[in-house]
Every structure is written in C-alpha cells, then in structure tokens.
Amino acid sequence: MNKKIPRSYCEQINSQSVGQQVRLCGWVHVRRDLGGLVFIELRDHTGRIQLAADPKRNPAVHDVFLSLRSEYVIAAQGIVQKRPADSVNANLKTGELEIYPETVELLNTCQNLPFQLDEAAQVDESFRLKYRYLDLRRPEMQANFRLRHKVIATIREHLNAQNFTEIETPILTKATPEGARDFLVPSRLNAGLWYALPQSPQLFKQTLMISGFDRYYQIARCFRDEDLRADRQPEFTQIDIEMSFIEEEDILSTTESWLAAAFKCGGVDIPIPLPRYTFKEVMDRFGSDKPDMRFDLEIKDLTKLAAKCQFKVFQEVAASGGFVRGITLPGKANDVSRRTLDEWRDFVKLSGAQGLMWVAYGQDVDGKPQIRSAGLDKYLSAEEMCELQTLAGAKTGDLVLVVAGTYSVVCQALGRLRLKVAEELNLIDHSKNKMFWVLDFPMFEYDKEEKKYVAMHHPFTAPRPEDLPLLETEPEKVRARAYDVVFNGVELGSGSIRIHDQETQSRVFNRIGIDQQAAKEKFGFLLDALATGAPPHGGIALGIDRIVMLLAGAKSIRDVIAFPKTQSGTCLLTDAPSKVSPQQLAELKVGSLVKEKQESKEIQKVP
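The rules behind these values
Residues numbered from 1 in each chain as written. Predicted model: local features only at pLDDT ≥ 70, side-chain atom pairs only at ≥ 80, totals over all residues. Heavy atoms only, no water. Helix = DSSP H or I, 4+ residues; strand = E, 2+ residues; numbered from the N terminus. Buried < 20%, exposed > 50% of the residue type's maximum accessible area, 1.4 Å probe, protein only. Contact = heavy atoms within 4.5 Å. Areas by Shrake-Rupley, 256 points an atom, 1.4 Å probe, with all protein chains shown as cover. Lys, Arg positive; Asp, Glu negative; His and termini not counted. Charge placed at Lys NZ, Arg CZ, Asp CG, Glu CD. Pairing = 2+ DSSP bridges. Axes fitted to C-alpha atoms, helices over the stretch in contact; angles between N-to-C directions. Arc of directions from axis to C-beta. Core = buried A, V, L, I, M, F, W, Y, C linked by side-chain atoms within 4.5 Å. Phe/Tyr/Trp six-rings, centres within 6.5 Å; stacked < 30°, edge-to-face > 60°. Parallel < 35°, antiparallel > 145°, perpendicular 65-115°, else oblique. Left-handed = near helix turned anticlockwise from the far one by under 90°. Nonpolar A, V, L, I, M, F, W, Y, C, P; charged D, E, K, R; others polar. Expected span 1.5 Å × (residues − 1). Salt bridge = Lys/Arg side-chain N within 4 Å of Asp/Glu carboxyl O. Polar contact = N/O pair within 3.5 Å; in protein donor to acceptor, adjacent residues only side chain to side chain. Disulfide = S-S within 2.5 Å.

(A) Examining the overall build of the protein chain more closely. When you go through the protein chain residue by residue, the secondary structure sums to 17 helices and 23 strands. If one aligns the C-alpha atoms of the protein chain with their principal axes, the spans along those axes are about 95 × 85 × 60 Å. When the 607 residues of the protein chain are sorted by exposure, 45% land in the buried category. Considering only contacts in the protein chain between residues 6 or more positions apart, those separated by 24 or more positions represent 67%. If you sum the accessible surface of the protein chain, you get close to 31,400 Å²; carbon and sulfur atoms cover 50% of it. Averaging the positions of the 79 positive and the 83 negative side-chain charges in the protein chain gives two centres separated by 3 Å.

Given below as structure tokens:
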C-alpha cells in the first residue's frame, strides 16, 4: 500500500479537493456491480462519497470491491476527481465527485445484520434498542448526537465567557424526602446504610453559593425512580446553574442569552428578551402552566352568565364558587361531528369534569341565527344564548365548548381539550416557535391524599417578600419566586430564587409538615450553612435531553440519549438491571438485613 496520508472525512471532500490525494475510512453503505465497473458508497459520520473500481485501471482494487458487502469496514486512498455530468447524484453533498482508489484495505467484515440500516424506521424500537450500536450508525442518529454535542459545547462556551465555574457534585449522596423516588445504593463499608443517586444537585449548588463560588454550572447527571414516558428517563442530563447576589432578572436574562445560542445550533431563532406571563394569567387564558401558544383558542370566562341564568347546573357551580368557561372554535359550527363531540366529552371527564356542553352558532337563515346545542337552548333564553356568544367571543359559524366545575378541574379539562382539539383539527402552525417565561407560581399546593400543603416546586424556593406574612395563615395565597421556561407547549426547565436565611427556611419546612427535628435530620447541613452568612442566590435547571429532542424533531428523548432505558426501566443492549451473585449481596450485607427483618417479625408473632 502507498504511504498513508492523514485521514479525511467524506463531507470534507469538495470541489477544492479535485486533483488531491485523500485517505478515507468508513463503512460500505451500498455496492453496485455494473458488470465491469463496481461502485461503492463509503459512509462515515459526516456523510457519504462514491468510490469506483475499474478492472482495467486497477485489477487489485477491483477484486477487493467485488468481495465487499454492506457494512464492511474499509480504508481507501486515491485522487479526487469530478464525476461525468450524466452521473452526478444530486442527493449527495459530494454527488459531483468520486474517487478511483489506488489502494483499498479491508479492515473488517460484517455478518448478517439483524436489520438493514436504511429500513430502521420500519423496525420496532425495542429491536433497535437491543442492537443500539447498529441503530446509532444511522445518519439520522449520528446527526442527533452531533447536534447534542454542539448544543452542550455552545452552552459551555457562553457560560464560561460570563465567568461561570463548572463544578462537579457527588453522584453518591443522601436520600431526600421530597420529589420522586430515589435510586438507592447500599454501602459496603457502612452496613445497613444507603447512598442515594441525586435527583438534582440542588442542595450542593446552594452550598457552593454559600462557599463563595458566585457563579456555578454543571452538565449534571440526575436520577429519578419514577414511571417513564416519551420525555422521561430514569437517568437524564440537565444544565444546572446557580448565581449569587442576584434577582430574578439576572437569572432570566443570563438564561435567555445562552438558550437563544443553543437553539440557533438547531436552526431555530429565538427573539429575546422572551415574553413573560404570570402563572395565573396562563392558567386563566390557556388552562395550563406550559401552554402551546402557536395557536389561539383562549379560554373565556362565562361564569357571569352562569350566576344569573336558570340552568341549575350552572347556578350550582357558580353558587359554590366554581367556574363556567369555554373555548371557541372559529368556523367549526358545522364541521365537527356529533361523534367527535361525544369523544371530547369523554376526554374532559378524564380531568374530573362532569361533562362537556357545546353550542354551534350556525349561519343565519331568513335573518335568524341557526343555533344548535347539547340541550343548553332548553334552559337559556334567546337573550342568554346571545350573551354566551358575546362572552365566548364567538361569531356566526363558530362552535363553543363549555366546561363547568372547580377552578382546577375547569383549567385542566379545557387546557387538555384545547391542545387535543388543535392537534385533531390541524390548528397548530408548526412553522412558528413560541418560547416564554411563566412567573409567580403558587408556593404551595394542597395534597388531598396527604391532607397537607406541599411545595409546588421544592421547599428551598423563596416566597415573595410581600407574601411572607401569609405563610402560616393563608399558604394558598403565597406566591413563589419561581419561574419556568416553556417552548411550544413543553417545559424546558424551571428555577427559583432560593431561601437564604435559616428562619424563613425553617418556617417553610414547618408549613409543609417537616418539624424542627425532622428538618435537622434531613437537611441539617443546609440549615447550618445558611446560618454562616449565605448570600442571596438563585438558579435554574433545564433538560438537555428535552432541548435536543425538540431541536432534532425527535418523537422521544430516547432518540437523543445514546443508551436509553425502555418504559420499564431496562437497557435492552446490556440486559440491565440484572441479578447479582450471592457473594456480592453478602459483601453488602443486603441479604442479611432482609433476613434479620423477617426474623424480627417472626419473633414479634410469638406469644
């Protein structure tokens, strides 16, 4: 073989490369034998380029080409030349070029593949996950992970330029009583004691602020033992940020700058500063704290009419402090079937609503509007039906969907219905992108099962100063200094200004049922640290997996995580989780602890 020259990559080859000798390495994407000439499309992670072998020109190379099959690994060296005009491949970036290699080296063969890479879209995902190393060879998957790398590199570049310090926090830490379930790890050196894998670096990053690091960030691995969905994994990656001596504005503006740059990596322009809405505003208008604003369908309040009409259902709801609200579908008075309306009725019941009422304001006939409804016209006068139309902002030809109930039920039912209707009726403008902040979340929410107030975000979030007097008396009215960033109906991340004084932190713990002794046991180090001169501080964490999923147009974060778990939490590639040997359990004393517990129970049963 000729003297090796430095390796080039397929898509580095361009018109400037014509006449130059290059060396390429990669996989055989496809081979075409035309009975004399043999063509190979060589593929590496950048793209593909055509190689050709002529038996008259180089018999040795031609013989090697005849032996090649899909996914064989080769190295080839030769001079770049232009293809004949009639053989240009417009579908390839390198489609005007080709190489007749002077030398070809077969580096490895490939046995029969479990699936063909160009047919992977038709292959069941679980099968592709089992052979993930093949799935990741596909250009689409390669592009996802190059994008992921670029996004993370851009974030690091922006934060480094703003004097942030990247610091790693522990993976083996203490179990936390709040949030999702922890993954637990037994300690061999301390029998009977357990580590937990961190759900987030929350306490450590606050401790770093108390330590005087001022501006911290981390590309953090986090772990949560919870049920999985398309956008959830038991282990995930987030960009974690904390800053000292700041207000909300500092966090929001800093986040906007690097977030806009990161989205630009995926070809999405985000105008900044981002719009800002309060929690109450988005719930009132869209029924969700992460609404998709690429379409309208705003919720309208009809309670004013309900309180004075003769319809008993409306009267009872209004009298009990509930709400009657609706959304208007422009021009859909005659386009939605009764079957679809029944399906939507059943859908809102999943959110706790008793049902769905509707009114179709049809076209005028002989000067009279043609109104159809699900029985409302039996209870409301003609004037009241017109008032409902006015309150709903409906015009002739529009369809109004109405739900009655408590504030939370109405918001949840109409918020979900709004999105379902938009998807089914193709009302979402996918050419648009809407990113914005949601601020002023409630500090607490009432847990009916636990019969107590719990923190809506987490118990280290600071309350608005003007709401502090309400902490013990009217906790439901306390607003948190918390903020979420939302993109096209997806929450990218959340953050808050933290409590930085021991007294307020103790009051919040007490409000959610963590007394002084329990707080000392679970968060003693944080409370002690807060008493040593903690600066005002706050931060935010955004999901890297979710951001890349959205930019890549992927349907699941599994498509942007190299080795993801299934919905049952298993890794099909490695068969994790798996059993371990009795010897390993004995070293960890896990088995003996279980046995001791069982024996203790048996002793207690003995009279």
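Picking up where we left off.
(B) Up close: the sheet that holds strand β11 (residues 235–244). Judged by pairing direction, the sheet is mixed, and its 8 strands sit side by side in the order β7-β10-β11-β23-β22-β21-β18-β12 without closing on themselves. Sheet topology places β7 (165–166) and β12 (276–278) at the edges, where each strand pairs with a single neighbour. Pairing of strand β21 (residues 482–487) with strand β22 (residues 490–497) involves 6 bridges; the strand directions are antiparallel. Note that in β22 the partner of tyrosine 483 across the bridge is glycine 495. Relative to strand β10 (residues 215–223), helix α4 (residues 139–161) is tilted by about 150 degrees, and along the sheet it contacts β7, β10 and β11.

(C) Main features of helix α1 (residues 59–67). Every buried residue belonging to α1 is among Val61, His62 and Phe65, and all of these are buried. Angular distribution of buried residues about the axis of α1 spans 100 degrees; they occupy a single face of the element. Facing away from the buried side of α1 by over 90 degrees, the exposed positions are Ala60 and Asp63. Looking at the buried positions of α1, the neighbouring elements they touch are β2 (21–33), β3 (38–44), β4 (47–53) and β6 (97–108).

(D) Up close: the nonpolar core. Ranked by internal contacts, the top residues of the largest apolar core, which has 76 residues, are Ile239, Ile241, Leu259, Phe263, Met435, Leu492 and Leu542. Setting aside chain neighbours within four positions, we find leucine 542 in contact with Thr237, Gln238, Ile239, Thr255, Trp258, Leu259, Val485, Leu492, Gly493 and Ile547. Membership of the second largest hydrophobic core comes to 25 residues, among which are Val336, Val348, Leu356 and Val403.

(E) Quick look at the side chain of serine 17. Position of serine 17 among the secondary structure elements: in the loop between β1 (7–8) and β2. Owing to a relative accessible area of 7%, serine 17 belongs among the buried residues under this scheme. Beyond its immediate chain neighbours, meaning those up to four positions away, serine 17 contacts Gln12 and Val80.

(F) Geometry of unusual backbone geometry. Here isoleucine 272 and proline 273 are connected by a cis peptide whose omega angle stands at 5 degrees. Its location among the elements puts proline 273 in the loop between α6 (248–264) and β12. At the junction of alanine 576 and proline 577, the peptide bond is cis and its omega measures out at 0 degrees in the coordinates. Structurally, the position occupied by proline 577 is in the loop between α15 (544–552) and α16 (582–588). Within the chain, asparagine 488 stands out as a residue other than glycine whose phi angle is a positive 50 degrees. Looking at the element boundaries, asparagine 488 is found in the loop between β21 and β22. Of note, aspartate 575 is a non-glycine position whose phi angle comes to about 65 degrees, a positive value. Looking at the element boundaries, aspartate 575 is found in the loop between α15 and α16.

(G) Local environment of the packing of aromatic side chains. Under the definition given, this model contains 14 aromatic pairs. A centroid spacing of 6.1 Å and a plane angle of 85 degrees characterise the contact between phenylalanine 460 and phenylalanine 509, whose relative ring orientation is edge-to-face. Of this pair, phenylalanine 460 sits in the loop between β20 (452–455) and β21 while phenylalanine 509 is found in helix α13 (residues 502–511), placing the two residues 49 residues apart along the sequence. Ring plane angle 80 degrees and centroid distance 5.4 Å describe the contact between phenylalanine 460 and phenylalanine 523, whose orientation is recorded as edge-to-face. Residue phenylalanine 460 is located in the loop between β20 and β21, and its partner phenylalanine 523 is located in helix α14 (residues 516–530); the two are separated by 63 residues in the primary sequence. With respect to class, phenylalanine 460 is no different from phenylalanine 523; both count as buried. Of the aromatic side chains, those joined through ring pairs into one cluster are Phe115, Phe127, Tyr131 and Tyr133.

(H) Geometry of the packing of α13 against α14. Here α13 crosses α14 at 160 degrees, and the two axes come no closer than 10 Å. When the axes of α13 and α14 are compared, the pair comes out roughly antiparallel. Here α13 runs over α14; the crossing is right-handed. Contacts between α13 and α14 involve Gln502, Gln505, Ser506 and Phe509 on the former and, on the latter, Ala519, Phe523, Leu527, Asp528 and Leu530. Class assignment of the residues belonging to the contact of α13 with α14 gives a composition of 5 nonpolar, 3 polar and 1 charged.

(I) Region of interest: the packing of helix α7 (residues 279–286) against helix α12 (residues 407–424). Between α7 and α12, whose axes approach to 8 Å, the crossing angle comes to 65 degrees. Where α7 abuts α12, its residues Lys280, Met283, Asp284 and Phe286 lie against Tyr407, Cys411, Gly415 and Arg418. Within the contact of α7 with α12, the residues separate by chemical class into 4 nonpolar, 1 polar and 3 charged.

(J) Spotlight on α6. For α6, built from 17 residues, the straight-helix expectation of 24 Å at 1.5 Å per residue is met to within 8% by its first-to-last C-alpha distance of 24 Å. Along α6, the residues that are buried comprise Ile251, Leu252, Thr254, Thr255, Glu256, Trp258, Leu259, Ala260, Ala261, Ala262 and Phe263.

(K) Structural detail: the side chain of glutamate 256. When you line up the elements, glutamate 256 lands in helix α6. The side chain of glutamate 256 is buried and forms no salt bridge, while arginine 276, the nearest opposite charge, is found at 4.1 Å. At 3.1 Å, the side chain of glutamate 256 forms a polar contact with the backbone nitrogen of leucine 274. Those residues in contact with glutamate 256 that lie beyond four places of it in its chain are Ile272, Pro273, Leu274, Arg276 and Trp437.

(L) Looking closely at the state of the cysteines. Counted according to the given criterion, the structure contains 0 disulfides. Unpaired in terms of disulfides, cysteine 10 finds its nearest cysteine sulfur in cysteine 25, a separation of 9.5 Å. Not engaged in a disulfide, the cysteine cysteine 571 finds its nearest cysteine sulfur in cysteine 222; these two sulfurs lie 19 Å apart. The class of cysteine 571 is buried, set by a relative accessible area of 8%.

(M) Up close: the pairing of β10. For β10, a buried count of 7 out of 9 residues is recorded, marking the element as mostly surrounded by other parts of the structure. For β7 and β10, the ladder comprises 2 bridges, and the chain directions are parallel. Each residue of the ladder has a partner; that of threonine 165, found in β10, is tyrosine 216. In this structure, β10 lies alongside β11, joined through 9 bridges in antiparallel fashion. Along β11, the bridge assignment pairs alanine 220 with glutamine 238.

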